[in-house]
Amino acid sequence: MTRVSVVEHQAQPWLVHDLAADYELEDVWRLPVELEPNDSLAEFWDQMQLAISQLNKASPAAILFGARILLGRLFRWDQSPSRPGALELRTRYAALATLEPELEVAGAFHVVYRLDDEYLAELENSTVQAALHLGRIETPSGHSVNLAVYAKPKGNLGRFYMAAIRPFRLRVVYPTILEAAGRQWSKHKSAG
């Protein structure tokens, strides 16, 4: 897995650039996978979700997820937003595409859209509005996948929260998830 520059990410002709223009682009990574022309991002996302669900419960990433869930319950960070316009990227996409996307949940995320070369999902809690973007990238040997994380912190608590979790995201969470997703994708392709 490799970090990708913001400039390289923004050079791609993706819808997310306009849709999440007021969000901060936190991180971009290239996953250790190769997609064939008939492999869909939806199929890859499903395998990535499976890899996350199968993380060893004693792994540092799983322990961090568990601690975050506990803190979220304790401080009530994760209650569903009740205000109008919640899940604002879905609302923006629905207006742009003149349709009402179905409410699909993937873990803590709500799917905004699934396109051939892009996949966007979002979540909102009392600390942040965040989006996870997968983009298919053409490579000399086929296609790879970039994962980008966007965030819009809510007030000082949100800014503090994002700064506090940054080292854990970069050193533990992303490497664990991306490596697990790569292994799961390889296993899935070799079984198929």
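Preceding this section is the structure that the text describes.
Residues numbered from 1 in each chain as written. Predicted model: local features only at pLDDT ≥ 70, side-chain atom pairs only at ≥ 80, totals over all residues. Heavy atoms only, no water.

Quick look at the overall build of the protein
Helices and strands together make up the secondary structure of the protein, namely 6 helices and 7 strands. For the protein, the N- to C-terminal ordering of α and β elements is β-α-α-β-α-α-α-β-β-β-β-β-α. A globule of 192 residues ought to have a C-alpha radius of gyration of about 16 Å, and the protein, at 16 Å, matches this closely. Expressed as lengths along the three principal axes of its C-alpha atoms, the size of the protein is roughly 45 × 45 × 30 Å. Per-residue burial over the protein gives 47% buried out of 192 residues. Carbon and sulfur atoms make up 58% of the accessible area of the protein, which totals about 10,200 Å². Charge-centre separation for the protein: the mean point of 20 positive side chains lies 10 Å from the mean point of 23 negative side chains. (Helix = DSSP H or I, 4+ residues; strand = E, 2+ residues; numbered from the N terminus. Rg over C-alpha atoms; globule rule 2.2 N^0.38 Å. Buried < 20%, exposed > 50% of the residue type's maximum accessible area, 1.4 Å probe, protein only. Areas by Shrake-Rupley, 256 points an atom, 1.4 Å probe, with all protein chains shown as cover. Lys, Arg positive; Asp, Glu negative; His and termini not counted. Charge placed at Lys NZ, Arg CZ, Asp CG, Glu CD.)

Regarding the packing of helix α4 (residues 60–75) against helix α6 (residues 155–191)
It is the contact of α4 with α6, at a shortest axis distance of 9 Å, that shows an interaxial angle of 145 degrees. Between α4 and α6 lies a crossing whose hand is left-handed. Packed against α4, whose contacting residues are P60, A61, L64, F65 and R68, the element α6 presents Y161, F168, V172, V173, T176 and I177 at the interface. Tallied by class, the residues present in the contact of α4 with α6 amount to 9 nonpolar, 1 polar and 1 charged. (Axes fitted to C-alpha atoms, helices over the stretch in contact; angles between N-to-C directions. Left-handed = near helix turned anticlockwise from the far one by under 90°. Contact = heavy atoms within 4.5 Å. Nonpolar A, V, L, I, M, F, W, Y, C, P; charged D, E, K, R; others polar.)

Describing the pattern of salt bridges
Across all of its chains, the model carries 13 salt bridges by this definition. Between D22 and R92 there is a salt bridge, with its nearest N and O atoms 2.8 Å apart. Of the two residues, D22 sits in the loop between α2 (16–19) and β2 (24–30) while R92 sits in helix α5 (residues 88–97), which places them 70 residues apart along the sequence. Judged by its relative accessible area of 28%, R92 falls in the partly exposed class. For the salt bridge of R169 with E26, the shortest nitrogen-to-oxygen distance reads 3.2 Å. Of this pair, R169 sits in helix α6 while E26 sits in strand β2, and the two are 143 residues apart along the sequence. Pair check on accessibility: R169 and E26 agree, each one buried. (Salt bridge = Lys/Arg side-chain N within 4 Å of Asp/Glu carboxyl O.)

Remarks on the packing of helix α3 (residues 41–53) against α6
The contact between α3 and α6 brings their axes to 8 Å, and the two run at 120 degrees. In terms of crossing hand, the pair formed by α3 and α6 is right-handed. Between α3, through E43, F44, Q47, M48, L50, A51 and I52, and α6, the contact on the second element is made entirely by I177, A180, A181, Q184, W185 and H188. Within the contact of α3 with α6, the residues separate by chemical class into 9 nonpolar, 3 polar and 1 charged.

Comments concerning α5
All of the buried residues in α5 are E88, L89, R90, Y93 and A94. On its buried side, α5 packs onto α2, β4 (109–114), β5 (118–124), β6 (128–139) and β7 (142–153).

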